[in-house]
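Chain residues, written in single-letter form:
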Amino acid sequence: MRVSRLMLVTLRDVPADAEIASHQLLLRGGYIRRVTSGIYAYLPLMWRVLRKITAIVQEEMDATGALETLLPQLQPAELWRRSGRWQGYTAGEGLMFHLEDRQGRELGLGPTHEEVITSLAGDLLRSYRQLPVTLYQIQSKFRDEIRPRFGLMRGREFIMKDAYSFHACEADLAMTYRAMDEAYQRIFSRCGLETVAVEADSGAIGGASSQEFMVTADAGEDLILISGDGLYAANQEKAVSHPPKAIPLPASKAALLDTPEQGTIETLCTAQGLVPSQVVKVLVMLARIEDGELQPVLVSIRGDQQLNEVKLINALSRELNKGVLDVAPISADQITAQKLEAWPFGSMGPDLDDALLSGARSWTRHFLRLADPTATELNCFVCGANQNNQHRIGMTWSKLGEVPKSVDLRKSQAGDRCIHDSSQILEERRGIEVGHIFQLGRKYSEALEACFTNDKGTQEPFWMGCYGIGISRLAQAAVEQHHDEAGMNWPLAIAPFEVIVVVANIQDEVQQKLAEQLYSELQAADIEALLDDRTERAGVKFKDADLIGIPWRIVVGRDAAKGQVELIQRSSRKVQILSAKQALTALVKEIAANQNKRV
RNA sequence: CGGGAUGUAGCGCAGCUUGGUAGCGCACUUCGUUCGGGACGAAGGGGCCGCAGGUUCGAAUCCUGUCAUCCCGACCA
């Protein structure tokens, strides 16, 4: 391809709405253009990158025996109602774009395809003899994100590979899950990315075990915790660890403390000479349940610890045996709106009276009470006295009466000791989630009554797994992990072109001729080459070549008369001065050695 | 959804306080010089100043509304 024909539009200035390096570089390099918030056009260079990633994914998926397919993006609400997710995906977080057709039928624009695929599988797969089957597709997905950001990292329309597997038994599912894990490791490594596999929360998808693949990068949205020995890695949403030891509060008689203006852990401890681990913090939250119920929740946790909202949502789902859409702290305004008396914010104890909820307009009229073990394990502590500006010291759980149910609700943090080996300490890294694999179990097959006949002749719902890779996000993550001040630096396997031949001065006939010849030879050698034949000055072409990040560059310049060119590696900036022929041979060798083809 | 900010040429920005019909840099076109790290000179083209109302003889500028975009937050009461 000739750069003069490439519609290459590079920007010198950084677009004002791009925050992170990869987003800025993709815009500046003419790879993407924003069409509207969270929605991007993939320009020709980007499309080549995406096709390369796609090809690697297809090869590795095909190698596992998975079958490629293409499913509709417009999906009937009916199907989503049957799985019980219509409400959660359209109301709640409102993640799904949805619309009505001219007949008034409701449709959703697919954020994922469990429903469609499961109902298809139910129709097509009748016997255990047909199992297992894994289907996958690569196409645009739609999610009405609360806050799209960072270009392709969190878009509202994005390209994703999703795969779904169907099994006659759980053990078979586990086998495919492992095969997918291995395929994913190969995919990311072939794409030239450093990734970490971490334990993850299953979130809205549901199901038992799940694992995320994170591209490590400082700009990552996820916080991941990794043990020093590398044996444990988890998303912070999911991570477990030993909390730091509490500093014991000497046992004493229960007594009231006057605590004016001491409504936060910090002010309370400073004023009373306490440390946060001697205090039980009480948070009041409101959980929105999928059936529309609004359940007030009272959470007790040790004062130095933080609540992990994801763990809370999961615990609530288990307690109530119902889906929980979200939880949020209750505000004073909401209490007024419920026509309730004011609550003693800043002085609440674990035994806060349910009477505060009597007469609530739309809330359930009792608290669901949960406590983190860091709170329930305290022998003696300080907590709110349930009246403004008063706390209680010398409290024990027996003095409070009922002990709330103890479940892990705390957020693990860097510095915590690990569960698998308490001599290991958790370290913090940031990551970009590029893949996620789940063992779904029978959640969807049961809901959608997708069954097969087993070897005993009886009907049984499928065991299912699902496996996603964010293709467009992966492309940007690659830039985030591989760039410098001058521009992008694509891993060879996913670069839009493998080499760019820069003619320093296109008006110089000798240079032009040598470059053209080299360009045809490269093509003949099956190397994906760009020829920068623009009438720009050399400096401009060098800057552009750095920016768009082609892994190899051949400069045909002042030594062309001697038949010499420069061969330069983008990543190392290493320069070799060679004859055109030697350069070609060297490049063919380098590329053959580093293409990361499937082995 | 809450808070903050910003909308002026393809991109980056000034002008707005103190109203008088729009400017700078990059990019684009033409000519000349230059030609290995984003050249220089000259001459050009391109803007319902986000949109809608209002105030005014006159609005990019003042007022009201609205839309859009970006940032922070949406657990520690």
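Computed from a predicted model, the values in this text were never measured in an experiment.

A. Region of interest: the pairing of strand 14 (residues 280-289). Across nine bridges, strand 14 lies against strand 15 (residues 294-302) in antiparallel orientation. The residue bridging Lys 281 from the neighbouring strand is Ile 301, located in strand 15. The antiparallel hairpin formed by strand 14 and strand 15 contains four residues in its connecting segment, where Gly 292 sits at a positive phi of about 100 degrees. As judged from the five bridges shared by strand 14 and strand 16 (residues 324-329), these two strands associate in the antiparallel manner. Residue Arg 288 lies in a different strand from strand 16, and its bridge partner there is Asp 326.

B. Local environment of the protein's contact with RNA strand B. Taken together, 48 residues lie near RNA strand B, and Ala 16, Ser 37, Ala 538, Gly 539 and Gly 557 sit nearest. Within the residue set of the surface near RNA strand B, elements represented by two or more residues are strand 14, strand 16 and helix 15 (538-548). It is helix 15 that provides the largest number of residues to the surface near RNA strand B, a total of eight residues.

C. Spotlight on helix 1 (residues 21-28). Burial of helix 1 is extensive: six of the eight residues sit out of reach of the surface. Considered for burial, the residues of helix 1 that qualify are Ser 22, His 23, Leu 25, Leu 26, Leu 27 and Arg 28. Positive phi shows up at Gly 30, right after helix 1, with a value of about 75 degrees.

D. Expanded view of the nonpolar core. Residues Ile 53, Cys 191, Ile 471, Val 499, Val 501 and Val 556 are the most contacted members of the largest nonpolar core, which totals 114 residues. Top element by residues in this core is helix 2 (residues 44-63). It accounts for eight residues. Each of domain 1 (10-73 + 110-191 + 440-480) and domain 3 (497-594) accounts for three or more of the residues forming this core. The residues contacting Val 499, other than those within four sequence positions of it, are Leu 522, Ile 527, Ala 529, Ile 550, Trp 552, Arg 553, Ile 554 and Leu 587. Of all hydrophobic cores here, the second largest spans 32 residues; its members include Ile 313, Leu 352, Leu 356 and Ile 393.

E. Looking closely at the sheet that holds strand 30 (residues 564-569). Strand order in this open sheet of five strands is 28-27-29-30-31, and the pairing throughout is mixed. Here the strands that pair on one side only, and so sit at the sheet edges, are strand 28 (529-532) and strand 31 (575-579). Sheet twist, expressed as the average angle between the axes of neighbouring strands with direction ignored, equals 25 degrees. The pairing of strand 30 with strand 31 spans five bridges and is classified as antiparallel. Bridge assignment links Gln 564 to a residue of strand 31, and that residue is Ser 579.

F. Up close: the domain arrangement of chain A. As assigned here, chain A comprises domain 1 (10-73 + 110-191 + 440-480), domain 2 (255-406) and domain 3 (497-594). Taking only C-alpha atoms, the centre of domain 1 and the centre of domain 2 are 40 Å apart.

G. Examining helix 8 (residues 309-320) more closely. Under the 1.5 Å per step criterion, the end-to-end length of helix 8 is 16 Å for twelve residues, consistent within 8% with the ideal 16 Å. Of the positions making up helix 8, those classed as buried are Lys 311, Leu 312, Ile 313, Asn 314, Ala 315 and Leu 316. Where helix 8 is buried, its residues meet strand 14, strand 15, strand 16 and strand 17 (368-371). Where helix 8 terminates, the next one or two residues include Asn 321, which has phi positive at roughly 55 degrees.

H. Broad picture of the environment of Trp 47. Structurally, Trp 47 is set in helix 2. Using a count of 15 C-beta atoms within 10 Å as the deciding quantity, one classes Trp 47 as partly exposed. The spatial distance from the C-alpha of Trp 47 to the C-alpha of Thr 259 is 62 Å, given a sequence separation of 212 residues.

I. Spatial organisation of the sheet that holds strand 18 (residues 381-384). Pairing in this open sheet of three strands is antiparallel, and the strands run 13-19-18 from one edge to the other. Only two strands of the sheet have a single partner each, and these edge strands are strand 13 (255-258) and strand 18. Neighbouring strand axes in the sheet, compared pairwise and without regard to direction, differ in orientation by 30 degrees on average. One ladder, built from three bridges, connects strand 18 with strand 19 (residues 390-395); its direction is antiparallel. From the neighbouring strand, Phe 381 faces strand 19, where its bridge partner is Met 395.

J. View of the packing of helix 2 against helix 13 (residues 471-481). Between helix 2 and helix 13, the least distance of the axes is 10 Å, while the angle of their chain directions is 110 degrees. Comparing the axis directions of helix 2 and helix 13 gives the class roughly perpendicular. Considering how the two elements wind past one another, helix 2 and helix 13 form a crossing that is right-handed. Across the interface between the two elements, Met 46, Val 49, Leu 50, Ile 53, Thr 54 and Val 57 from helix 2 touch Ile 471, Ser 472, Leu 474 and Ala 475 from helix 13. Split into classes, the residues belonging to the contact of helix 2 with helix 13 amount to eight nonpolar, two polar and no charged.

Basis of the calculations
Per chain, residues are indexed from 1 in the order of the written sequence. Ligands are numbered from 1 and chains lettered from A, in the order in which they are written. At least 70 in pLDDT is required for a residue's local features to be given in this predicted model, at least 80 for side-chain atom pairs to be given and counted, and no such filter applies to totals for whole chains, interfaces and linings, which use all residues. Two strands qualify as a pair provided that DSSP identifies no fewer than 2 bridges between them. Going along the chain from the N terminus, every DSSP run of H or I of four or more residues is numbered as a helix, and every run of E of two or more is numbered as a strand. All residues are tested the same way: a C-beta atom is placed from the backbone, and lying within 6 Å of a molecule or strand makes the residue near it. Here the C-beta atoms are placed from the backbone, and a residue counts as buried if at least 20 other C-beta atoms lie within 10 Å of its own, exposed if 12 or fewer do, and partly exposed otherwise. For this analysis, nonpolar core means a set of buried Ala, Val, Leu, Ile, Met, Phe, Trp, Tyr and Cys residues linked through C-beta atoms within 7 Å. For the domain bounds, the source is a domain assignment made automatically or taken from a database. Here contacts are defined at the residue level, using C-beta atoms placed from the backbone and a cut-off of 7 Å between them. Only the stretch in contact is used when a helix axis is fitted, and all axes are lines through C-alpha atoms; the angle between N-to-C directions ranges over 0 to 180 degrees. Take the residue count of a helix, subtract one, and multiply by 1.5 Å to get its expected span. Working rule for angles: under 35 degrees goes down as roughly parallel, over 145 as roughly antiparallel, 65 to 115 as roughly perpendicular, anything else as oblique. Crossing handedness follows the turn of the near helix against the far one: under a right angle anticlockwise gives a left-handed crossing, and clockwise gives a right-handed one. Nonpolar residues are Ala, Val, Leu, Ile, Met, Phe, Trp, Tyr, Cys and Pro. Charged residues are Asp, Glu, Lys and Arg, and all others, Gly as well, are polar.

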